[in-house]
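Close look at the chain arrangement
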Amino acid sequence: MIDIHCHILPGVDDGSPDMETSLKLAEVAEKEGITAALLTPHHMDGEYVNHKNDVEKEVAEFQKQINDHGINFKVFPGQEVHITGELLYEIDDGDILFADPYNRYLMLELPHTGVPEYTENMLFELIARGITPVIVHPERNYGFQDDHDLLYSFVEQGAATQLTASSYLGVFGKEVEKFTEEIIKANLGTTFASDAHNFKGRRYRMGDAYNKLKKQFGIKMVARYEYNAKAILNGDDIEQGTIMPIKKKKKFLGLF
Ligand SMILES: [Fe+2]
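Residues numbered from 1 in each chain as written. Predicted model: local features only at pLDDT ≥ 70, side-chain atom pairs only at ≥ 80, totals over all residues. Heavy atoms only, no water.

The protein has the name Tyrosine-protein phosphatase in an unreviewed UniProt entry, where Fructilactobacillus sanfranciscensis is given as its organism. Here the protein is described in UniProt, under the heading Catalytic activity (unreviewed entry), as follows: "O-phospho-L-tyrosyl-[protein] + H2O = L-tyrosyl-[protein] + phosphate". Per its UniProt entry, the protein bears the Sequence similarities (unreviewed entry) comment "Belongs to the metallo-dependent hydrolases superfamily. CpsB/CapC family." (UniProt positions renumbered as here; feature names shortened; annotations may be inferred.)

Focus on the pairing of strand 6 (residues 105-109)
Buried residues dominate strand 6, accounting for five of its five residues. Alternating residues of strand 6 divide into Tyr105, Met107 and Glu109 and Leu106 and Leu108, and every residue in both groups is buried. The sheet contact formed by strand 5 (residues 80-82) and strand 6 spans two bridges and is parallel. Bridged to His82 within strand 6 is Glu109. One crossover worth recording links strand 5 to the parallel strand 6 by way of helix 3 (residues 87-92), and it is right-handed. Examined bridge by bridge, strand 6 and strand 7 (residues 132-136) share four bridges and lie parallel to one another. When the sheet's bridge partners are listed, Leu108 is paired in strand 7 with Ile135. The parallel pair strand 6 and strand 7 is bridged by helix 4 (residues 119-128), and the resulting crossover is right-handed. (Buried < 20%, exposed > 50% of the residue type's maximum accessible area, 1.4 Å probe, protein only. Helix = DSSP H or I, 4+ residues; strand = E, 2+ residues; numbered from the N terminus. Pairing = 2+ DSSP bridges. Right-handed = clockwise from strand over helix to strand, strands pointing away.)

Points about the coordination of the iron ion
Coordination of the iron ion by the protein is provided by His5 (NE2), His7 (NE2), Glu80 (OE) and Asp195 (OD), with metal-donor distances spanning 2.1 to 2.3 Å. One way to put it: the four donor atoms around the iron ion meet at angles of 82 to 164°, and that makes the site irregular. (Donors = N, O, S within 2.8 Å, 3.2 Å for Na, K, Ca; no water. Tetrahedral: all angles 85-135°; square planar, octahedral: opposite > 155°, others 65-115°.)

Here we look at the sheet that holds strand 7
In spatial order, the strands read 3-5-6-7-8-9; together these six strands make up an open sheet with parallel pairing. Looking at the sheet topology across the chains shown, the edges are occupied by strand 3 (42-43) and strand 9 (191-193). Strands in contact with helix 10 (residues 219-234) are strand 6, strand 7, strand 8 (160-164) and strand 9; relative to strand 9, the strand with the most contacts, it is inclined by about 75°. (Contact = heavy atoms within 4.5 Å. Axes fitted to C-alpha atoms, helices over the stretch in contact; angles between N-to-C directions.)

Structural notes on the packing of aromatic side chains
All told, the structure shown has four aromatic pairs when counted by the stated rule. For the ring pair Phe192 and Tyr210, a centre distance of 5.3 Å and an interplane angle of 75° mean the geometry is edge-to-face. With Phe192 in strand 9 and Tyr210 in helix 9 (residues 206-217), this pair connects stretches of sequence that are 18 residues apart. Exposure remark for Tyr210: the relative accessible area of 6% places this residue in the buried category. Pairwise contacts between aromatic rings join Tyr168, Phe192, Tyr210 and Tyr225 into one cluster. Between Arg140 and the ring centre of Phe172, over which it is positioned, the NZ or CZ distance is 4.1 Å. One Lys or Arg, Lys212, reaches over the ring of Tyr168 and ends 4.2 Å from the middle of that ring. (Phe/Tyr/Trp six-rings, centres within 6.5 Å; stacked < 30°, edge-to-face > 60°. Lys NZ or Arg CZ within 6 Å of the ring centre and 35° of its normal.)

Description of helix 10
A turn of α-helix holds 3.6 residues, and therefore any two residues three or four places apart point the same way. Compared with the 22 Å implied by 1.5 Å per residue over 16 residues, the 22 Å span of helix 10 between its first and last C-alpha is a close match. Every buried residue belonging to helix 10 is among Met221, Val222, Arg224, Tyr225, Asn228, Ala229, Ala231, Ile232 and Leu233, and all of these are buried. Positive phi appears at Gly235, one or two residues downstream of helix 10, with a value of about 80°. (Expected span 1.5 Å × (residues − 1).)

With respect to the nonpolar core
The biggest cluster of nonpolar side chains holds 60 residues, and the ones touching the most others in it are Leu39, Phe62, Phe73, Leu87, Leu106, Phe192 and Leu213. If near-sequence neighbours (up to four positions away) are discounted, Leu106 is found in contact with Val81, Leu87, Ile96, Leu97, Phe98, Leu126, Ile131, Thr132, Pro133 and Val134. Residues Ala36, Ala99, Tyr105 and Val136 belong to the second largest nonpolar core, which totals 14 residues. (Core = buried A, V, L, I, M, F, W, Y, C linked by side-chain atoms within 4.5 Å.)

And the structure:
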């Protein structure tokens with residue numbers, strides 16, 4: 001498995017606090033069958049700024065430590081880029097890390113509380129530049145939870161999505177779990193990632209998520225999700241499948 005979203009780079013955000021923890025996290029990743037990870041510290045989210053050059057240096061140092069400790073695990077520099085009005089300037093400025101060497105996929109975070117009005121325009125601008133925004137954990141966003149069609153329209157527009165393994169397993173509650181299942185069913189999910197932070201809270205859970213995916217949607221969906229994670233990291237084409245709007249559940253009116 002390949003993990004394209006995690007916070008295990010030491011001491012840069014609300015993820016792993018130090019190298020010792022990060023090395024333990026790398027060891028666990030290897031044990032759980034994760035062979036490579038895109039390290040995506042928060043960037044421009046109002047709390048954390050992690051410049052491209054710094055992340056590249058830190059990831060190189062982490063990889064060296066991983067190798068020195070005999071852990072078989074490959075790490076790549078990335079960012080979880082928070083949407084802001086400045087994003088295009090930051091890209092022009094060369095301070096944004098893409099998921100792949102060809103600057104094709106961008107791990108994009110929206111505010112949890114909702115989808116800003118300018119998102120559609122921003123996606124349009126990015127896609128026009130040949131960049132595919134990979135919207136991270138849409139299932140946890142209140143805006144998409146309220147308005148499923150919004151997610152459909154963004155994927156139709158050309159965005160990809162990364163669903164979080166633990167969301168699919170119910171870690172964030174039954175509602176988020178059900179919404180994740182609906183997203184997968186409608187082919188609006190592109191791949192899984194862990195969004196792992198540390199040992200206390202959010203962990204990998206990737207193997208469990210893929211097992212559930214196999215049971216619920218079959219081996220072909222597993223193959224597609226695994227392929228897409230690799231494709232995003234390598235800058236290859238992804239397979240989205242035929243997308244469908246998520247059906248609205250009929251509300252019980254309580255008339256009888
Ligand atoms: Fe994250």
